[in-house]
Amino acid sequence: MKNLKYILYSVAAVSLLYSCTPAGGNYAGKEYMPDMAHSVGFESQSYANYSRNNWDSASVINRKFLSRPLNPAAGTIPRGYAGFSFASPEAYDSIMNILRGGNQLNAIAVPVNGKVPYHYGNTEEERIRASKDIVGNPFPISEAGLAKGKELYDIYCGICHGEKGDGAGYLVRDANPAKGDLGGVYPAAPANFMLDTFYISTNGRFYHAIMYGKNVMGGYAEKLSFEERWQVIHYIRSLQATAKGLAYSASANTLNPSFAVPAAQVKKLATAPPPPPPAPAGGEGSGTKSKSGK
Ligand code: HEC
């Protein structure tokens, strides 16, 4: 009899413990009276959210709405754009629109974290493939962009490739045999962007070099954001154009129109009249149209 009591006690204890099933995966586990113990934070794109909220049968909140991909919260700024001055809400909207791929024929949408995937590997074959595939600059040529590009180029590239892009940066030029681990002699000549081969190569050759570097040149992917890389390339193009007496600016591009669109031209494209609205659905007109179409 005494034993039976202990057995009953232990069965009760075990079943009590068992009822506290552990949490795992998307399952939060069972709890006794969980009300208000958990916030209503939710994961987007998951219907399982709000599983604890059985209060909302009369609610106006639509779970489907909450679980679909949502726009970033107002005021979200992509990585690398913190220093941008947004003069007005309209300026903010128009910049975000450009970053997300609106407004431009050749735009690439930049995710809000500023990371744009690069689908080329760090090999010679991939370098050639990138040079073949990537022709144009996704950003239009703008004055602000060229100024930013110059600033970044002088910091990150000009020290080797030269302020004028002629491959004679001060690290190379001022090599002094009396100083330095390498005997003061720069070990390899940086590319000279004034050579014909760099005039005719597409932007992909430059972008790939920034992403991975080449031989003794290291990559700059971690130092330059997606847009910064492209503004540096704009600036290199402008150096090339200046040397040849050609135009590469916000108003004109006579260097090579397929490399980039001047900002002035982009505005023209954006203000082009919208396409005519589609014919209204239903009615006699559309009926006859679809019949004759078949
Ligand atoms: C420390 C010196 C150094 C710096 C800084 C540097 N480079 Fe280079 N770069 C080189 C050298 C050296 C080469 C030649 C590599 C080779 O061909 O072996 C080169 C080659 C290149 C090439 C030619 C690649 C090809 O396809 O032949 C490009 C384009 C280039 N660099 C762009 C840049 C840009 C843009 C920056 C700045 C973000 C930069 N480099 C910064 C040293 C440098």
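The structure we're discussing is the one just above.
What this report covers is the structure whose coordinates are included nearby. (Residues numbered from 1 in each chain as written. Predicted model: local features only at pLDDT ≥ 70, side-chain atom pairs only at ≥ 80, totals over all residues. Heavy atoms only, no water.)

**As for the overall build of the protein chain**
- When you go through the protein chain residue by residue, the secondary structure sums to twelve helices and zero strands.
- For the protein chain, the proportion of its 294 residues judged to be buried stands at 29%.
- Intrachain contacts of the protein chain at a sequence separation of at least 6 include 52% that bridge at least 24 residues.
- Of the accessible surface of the protein chain, which amounts to about 19800 Å², a share of 60% is contributed by carbon and sulfur atoms. (Helix = DSSP H or I, 4+ residues; strand = E, 2+ residues; numbered from the N terminus. Buried < 20%, exposed > 50% of the residue type's maximum accessible area, 1.4 Å probe, protein only. Contact = heavy atoms within 4.5 Å. Areas by Shrake-Rupley, 256 points an atom, 1.4 Å probe, with all protein chains shown as cover.)

**Brief notes about the site of the ligand**
- Every one of the 24 residues lining the ligand counts as a neighbour, but Arg127, Cys157, Cys160, His161 and Met217 are closest to it.
- Note that an oxygen atom of the ligand is positioned 2.4 Å from one of the side-chain N or O atoms of Arg127.
- Taking His161, its side chain carries an N or O atom lying 2.7 Å from a nitrogen atom of the ligand.
- Looking at the shell around the ligand, the elements that each hand over two or more residues are α6 (158-161) and α9 (203-212).
- Of the residues forming the shell around the ligand, the biggest block, four residues, is contributed by α9. (Near = heavy atom within 4 Å. Polar contact = N/O pair within 3.5 Å; in protein donor to acceptor, adjacent residues only side chain to side chain.)

**Structural notes on the coordination of the iron atom of the ligand**
- Only His161 (NE2) and Met217 (SD) from the protein coordinate the iron atom of the ligand, and they sit 1.9 to 2.1 Å from it.
- Note that the iron atom of the ligand binds six donor atoms; their angles at the metal cover 86 to 178 degrees, and the shape is octahedral. Of the two residues, His161 sits in helix α6 while Met217 sits in the loop between α9 and α10 (226-244), which places them 56 residues apart along the sequence.
- Judged by its relative accessible area of 10%, His161 falls in the buried class.
- The exposure class assigned to Met217 is partly exposed, which follows from its relative accessible area of 27%. (Donors = N, O, S within 2.8 Å, 3.2 Å for Na, K, Ca; no water. Tetrahedral: all angles 85-135°; square planar, octahedral: opposite > 155°, others 65-115°.)

**Description of the pattern of salt bridges**
- With the rule as written, the count across this model stands at six salt bridges.
- Residues Arg129 and Glu126 are paired through a salt bridge, measuring 2.8 Å at the closest nitrogen-oxygen approach. Note that Arg129 and Glu126 are positioned in helix α4 (residues 124-133) at a spacing of three residues, about one turn of the helix.
- Under the relative-accessibility criterion, Arg129 is labelled partly exposed at 35%. (Salt bridge = Lys/Arg side-chain N within 4 Å of Asp/Glu carboxyl O.)

**Some points on the nonpolar core**
- Ranked by size, the top nonpolar core spans 24 residues in total, and within it Tyr118, Tyr153, Tyr207, Trp230 and Val232 carry the most contacts.
- Counting only elements with at least two residues in this core, the list comes to α5 (143-156), α9 and α10.
- In terms of residue count, the dominant contributor to this core is α10 (seven residues).
- In this view, Tyr118 contacts Ala130, Ile134, Tyr207, His208, Met211 and Tyr212; residues no more than four positions away in its chain are not counted.
- Membership of the second largest hydrophobic core comes to eight residues, among which are Tyr248, Leu255, Phe259 and Ala260. (Core = buried A, V, L, I, M, F, W, Y, C linked by side-chain atoms within 4.5 Å.)

**Quick look at α9**
- Judged by how many residues are buried, α9 sits mostly within the fold: seven of ten residues are covered.
- Buried residues belonging to α9 abut α4, α8 (196-200) and α10.
- Backbone geometry just downstream of α9 places Gly213 in the positive-phi region, at approximately 75 degrees.

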